[in-house]
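So the chains spell out like this:
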Amino acid sequence: MLTRRRHRIWKPIPLYLSEMAPAKVRGAVNQLFQLTTTLGIFIANFVNNATEKHPKGWRLSLGLATIPALLMFVGGLFLPETPNSLVEQGRLEEGRKVLERVRGTTKVEAEFQDLIEASEAAKAIKHPFRNLLKRKNRPQLVIGALGIPAFQQLTGMNSVLFYAPVIFQSLGFGSAAALWSSTITTGSLVLGALISMALVDKLGRRAFFLEAGFEMICCMVAVAVTLALNFGQGVALSKGIGIFLVVIISLFVLAFGRSWGPLGWLVPSEIFPLETRSAGQSMVVCVNMLFTALIAQCFLVSLCHLRYGIFLVFGGFILIMTLFIYFLLPETKQVPIEEIHLLWQNHWFWKRYCDHDDQLQQVERKLEQV
């Protein structure tokens, strides 16, 4: 789902939503993307279940996917440009009108001035990708462009979703039961997105990352221990153990659905300055898709060789991810998107990069005066 920006640059919907939303509800508005995505997965599971026994079931399933695609295409024709993008194009009056309309008030002078200042800084940047590699943009590069999109896939979530029917079938469920078990897990994703939308702007991003990270680690360890004790003995798993595994995996999906799922798109869309925002978001998508393909290709082979150990590997990754968030990510809730850069200047680790950049600017100004 993409929308057009100046110079025919395309940017993902999470960034569009973050630029359009007021700071105090930016998290909830941005996560409409995650909610609609998970709802689509949930409905697709019901479609697959309904068409499973039809002679042309897979054709019907694929054909019905054209309906939401058509709705997105038609709806996209009526989307306005974001105020940020309009200001960047020099269409100041139009940008101000859009900003007033989406904020519901004419008192937008302070925010509009921030957009103009950010746009002036952005126009001085001729090579956004090269600028993203500069020292002053190190926090955004490490956290937003590389860390979060890679870690989002290293949770193992997509592996669980991609191969849920295969996993449940290998645990003793029939083919139909496996599909319905997969439907239950995707339903947990929808519930998780709703919880996150309701609370993320009150409790903050870090709270969801850290709490859900601990829960996901516990779930992965529980699955690994259960399979280590009961699977691979040449006998089918009991009904009770099967239900227990479905519940644990659903709890894992629920934790992901309110943390790394929606926040994996929300936080990167918030933290890039305007001059590197398109380049940064492009890297987010690229890294995310790269790790999606990597995990998808490696999961089944790893499951065959490591068996229950693959869940311990994912649990280890989640522990590293949780520590990464705890030490390196400042809280961004209700901070205006053009003022996020101030957080790095007050962060215990990242401020050294900001201080270094400020010192360089001071030296450059002195040399210009001389």
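Note that the structure is a prediction, hence the values are computed from the model and not measured.

Q: Help me understand the overall build of the protein chain, please; the structure alone is not making it clear to me.
A: Counting secondary structure elements, the protein chain contains 19 helices and two strands. Of the roughly 18500 Å² that the protein chain leaves accessible, carbon and sulfur atoms contribute 66%.

Q: Before we go on, may I ask you to explain unusual backbone geometry in this structure?
A: At arginine 307, a residue that is not glycine, the phi angle is positive and equals roughly 50 degrees. With respect to the helices, strands and loops of the structure, arginine 307 is situated in the loop between helix H16 (277–306) and helix H17 (309–328). Residue class for arginine 307 comes out exposed when judged on its relative accessible area of 54%.

Q: I tried to follow the environment of serine 119 on my own but got confused; where do I start?
A: One can find serine 119 in helix H8 (residues 109–123). Here the alpha-carbon distance between serine 119 and glutamate 88, two residues 31 residues apart in the chain, equals 5.3 Å. Discounting chain neighbours no more than four positions away, the residues touching serine 119 are Val87, Glu88 and Leu274.

Q: Is there a simple way to think about the pattern of salt bridges in this case?
A: Think of it this way: side chains of opposite charge can pair up when their charged atoms draw near. In this structure the tally under the stated criterion is eleven salt bridges. Put simply, arginine 91 and glutamate 94 hold a salt bridge, and the shortest N to O gap is 2.9 Å. Among the residues examined, glutamate 94 registers a relative accessible area of 38% and is labelled partly exposed. Glutamate 211 serves as the salt-bridge partner of arginine 258, at 2.8 Å between the closest nitrogen and oxygen. You can see arginine 258 sitting in the loop between helix H14 (239–257) and helix H15 (260–271) and its partner glutamate 211 sitting in helix H13 (residues 205–230), a full 47 residues away along the chain. Taken together, the shared-partner salt bridges connect Arg26, Asp201, Arg205 and Glu270 into one network.

Q: What exactly am I supposed to notice about the confidence of the model for the protein chain here?
A: Residues shown with low pLDDT carry predicted positions that ought not to be read at fine detail. Of all residues in the protein chain, 88% have pLDDT values of 70 or greater, and the mean over the chain is 84. Confidence scores differ between elements of the protein chain, with strand S1 (residues 2–4) showing the lowest mean pLDDT of 37 and H17 the highest of 95. Contacts from residues 1–11, a stretch scored under 50 in pLDDT, to residues over four places away or in other chains number 30 contacts. Note on residues 362–367: pLDDT under 50 across the span, and zero contacts to partners over four residues away in sequence or across chains.

Q: How should I be thinking about the packing of aromatic side chains in this particular structure?
A: The relative placement of two aromatic rings is captured by the distance of their centres and the angle of their planes. Within the structure shown, the criterion is met by eleven aromatic pairs. Aromatic side chains phenylalanine 33 and tryptophan 265 sit 5.9 Å apart centroid to centroid with 75 degrees between the ring planes, which places their arrangement in the edge-to-face category. Of the two residues, phenylalanine 33 is situated in helix H3 (residues 32–51) and tryptophan 265 in helix H15; the sequence distance between them amounts to 232 residues. Residue tryptophan 265 is classed as buried on the basis of its relative accessible area, which comes to 13%.

Q: I keep staring at the packing of helix H10 (residues 138–154) against H17 and nothing clicks. Help me out?
A: In a packed pair of helices, the relevant descriptors are the angle between the two axes and the axis-to-axis distance. In contact at an axis separation of 9 Å, H10 and H17 are set at 155 degrees when each is read in the N-to-C sense. When the axes of H10 and H17 are compared, the pair comes out roughly antiparallel. Here H10 runs over H17; the crossing is left-handed. Residues Val142, Ile143, Gly147, Phe151 and Leu154 of H10 touch H17, and the partners they reach there are Phe314, Phe317, Ile320, Met321, Phe324 and Leu328. Tallied by class, the residues present in the contact of H10 with H17 amount to ten nonpolar, one polar and no charged.

The rules behind these values
- Residues numbered from 1 in each chain as written.
- Predicted model: local features only at pLDDT ≥ 70, side-chain atom pairs only at ≥ 80, totals over all residues.
- Heavy atoms only, no water.
- Helix = DSSP H or I, 4+ residues; strand = E, 2+ residues; numbered from the N terminus.
- Areas by Shrake-Rupley, 256 points an atom, 1.4 Å probe, with all protein chains shown as cover.
- Buried < 20%, exposed > 50% of the residue type's maximum accessible area, 1.4 Å probe, protein only.
- Contact = heavy atoms within 4.5 Å.
- Salt bridge = Lys/Arg side-chain N within 4 Å of Asp/Glu carboxyl O.
- pLDDT = per-residue confidence, 0-100.
- Phe/Tyr/Trp six-rings, centres within 6.5 Å; stacked < 30°, edge-to-face > 60°.
- Axes fitted to C-alpha atoms, helices over the stretch in contact; angles between N-to-C directions.
- Parallel < 35°, antiparallel > 145°, perpendicular 65-115°, else oblique.
- Left-handed = near helix turned anticlockwise from the far one by under 90°.
- Nonpolar A, V, L, I, M, F, W, Y, C, P; charged D, E, K, R; others polar.

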